Amino acid sequence: MSRQKIEGVNFSRGNVFAIDFLNLIFTYLPVVLTYAGSLKICELLYQLLLLFIIIMLAPIIAIIVLISLIYFIRKLLPPLKEGVYPVGLKKDYLVWLLHLSLGRSVKVSGFVSLIHSFNILKILYFKALGMKVPFRFVSSLYIQIVDYGLIEIGEGTILTDEVQLSAHTMIKNKLWLKKIYIGKNVYVGTKSFLGLGTQIGDNCIIGLHNFLFNDKIPEGTHIAPFAWDRGNPKRHTKEA
């Protein structure tokens with residue numbers, strides 16, 4: 001059996017350190033980059049989540065601030081009062097005009113659709129403007145209301161699409177203001193108009209396309225669609 005000479009590996013210390021250094025870099029660098037990248041991704045996701053939450057909450061925060069400001073500004077104004085007032089630079093007319101302008105602020109802000117989409121925000125907005133309305137009240141996104149401080153609505157009432165409530169009118173150079181009262185469990189149909197002085201008793205049904213103006217509707221009355229025009233019932237109405 002022949003013997004062969006076995007030569008050892010001839011590494012210098014520098015070679016050993018160089019190999020260990022390369023081994024260290026290529027062994028640990030992927031691990032370090034993995035940890036660093038994972039942390040960065042988590043941080044980014046956290047920032048995106050915070051950004052998403054902020055974006056989601058920002059309109060609600062703005063609405064709450066707006067409603068609060070409307071409430072405090074309205075409290076500084078004299079309240080709306082029933083009566084007949086001359087149009088012009090007179091106190092009562094200017095008070096009404098300021099209340100009217102304050103009610104328009106939500107439309108100008110662009111938040112009106114969002115406010116009307118959530119019942120609690122809508123009711124808080126109505127209350128901030130002086131309207132007497134319970135939280136147990138349902139209305140469409142598309143109702144139109146002015147003179148909030150002269151309107152009272154009972155529990156369980158429903159106002160459907162494009163219902164309009166206005167407690168004022170102008171005749172020549174006079175502004176007329178008179179309260180609107182809607183009782184409990186009243187249903188008001190699409191495109192009905194409830195003008196100044198309208199009083200509707202509990203448990204009434206006002207069919208679509210009716211025009212009430214300074215009318216008193218007894219409790220339990222059912223008014224058919226297209227049946228009422230400014231105090232003149234055009235069709236038979238019945239009481240429940």
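Reading guide: rules and limits
- Just so you know, the residues in each chain are numbered from 1, in the order the chain's sequence is written.
- With the structure being a predicted model, the display of local features is reserved for residues of pLDDT at least 70 and the display and counting of side-chain atom pairs for 80 or more, all residues being used for whole-chain, interface and lining totals.
- Computation of side-chain values: all heavy atoms of the structure, hydrogens and water removed.
- Think of it in three bands: residues with accessible area under 20% of the maximum for their type are buried, residues over 50% are exposed, and the middle band is partly exposed, with areas taken using a 1.4 Å probe on protein chains only.
- For the purposes of this entry, the term helix denotes a DSSP run of H or I that reaches at least four residues, the term strand denotes a run of E that reaches at least two, and both are numbered from the N terminus.
- For this analysis, residues touch if any pair of their heavy atoms sits within 4.5 Å.
- Strands were regarded as paired on the criterion that DSSP finds at least two bridges between them.
- The angle between two axes is taken between their N-to-C directions and runs from 0 to 180 degrees, where each axis is a line fitted to C-alpha atoms and a helix contributes only its stretch in contact.

1. A look at helix 4 (residues 119-128)
Part 1 of the reasoning: Of the residues making up helix 4, those classed as buried are Leu-121, Lys-122, Ile-123, Tyr-125, Phe-126 and Ala-128.
Part 2 of the reasoning: Immediately downstream of helix 4, the backbone of Gly-130 shows phi near 95 degrees, a positive value.

2. What about the environment of Leu-129?
Part 1 of the reasoning: The residue Leu-129 is located in the loop between helix 4 and strand 2 (138-139) in this model.
Part 2 of the reasoning: Given a relative accessible area of 4%, Leu-129 falls into the buried group.
Part 3 of the reasoning: For the pair formed by Leu-129 and His-99, sequence separation is 30 residues and the distance between their alpha carbons is 7.9 Å.
Part 4 of the reasoning: Apart from the residues lying within four places of it in its own chain, the contact partners of Leu-129 are Ile-70, Arg-74, Leu-102, Gly-103, Tyr-148 and Gly-149.

3. A word on the sheet that holds strand 7 (residues 168-171)
Part 1 of the reasoning: With antiparallel pairing, three strands are arranged side by side in an open sheet as 1-8-7. The open sheet terminates on both sides in strands that have one partner only, identified here as strand 1 (83-86) and strand 7. Along the sheet, successive strands turn relative to each other by an average axial angle of 25 degrees, direction set aside.
Part 2 of the reasoning: When strand 1 meets strand 8 (residues 174-177), the two strands line up antiparallel, connected through four bridges.

Everything listed is a geometric property; what it means functionally is a separate question.
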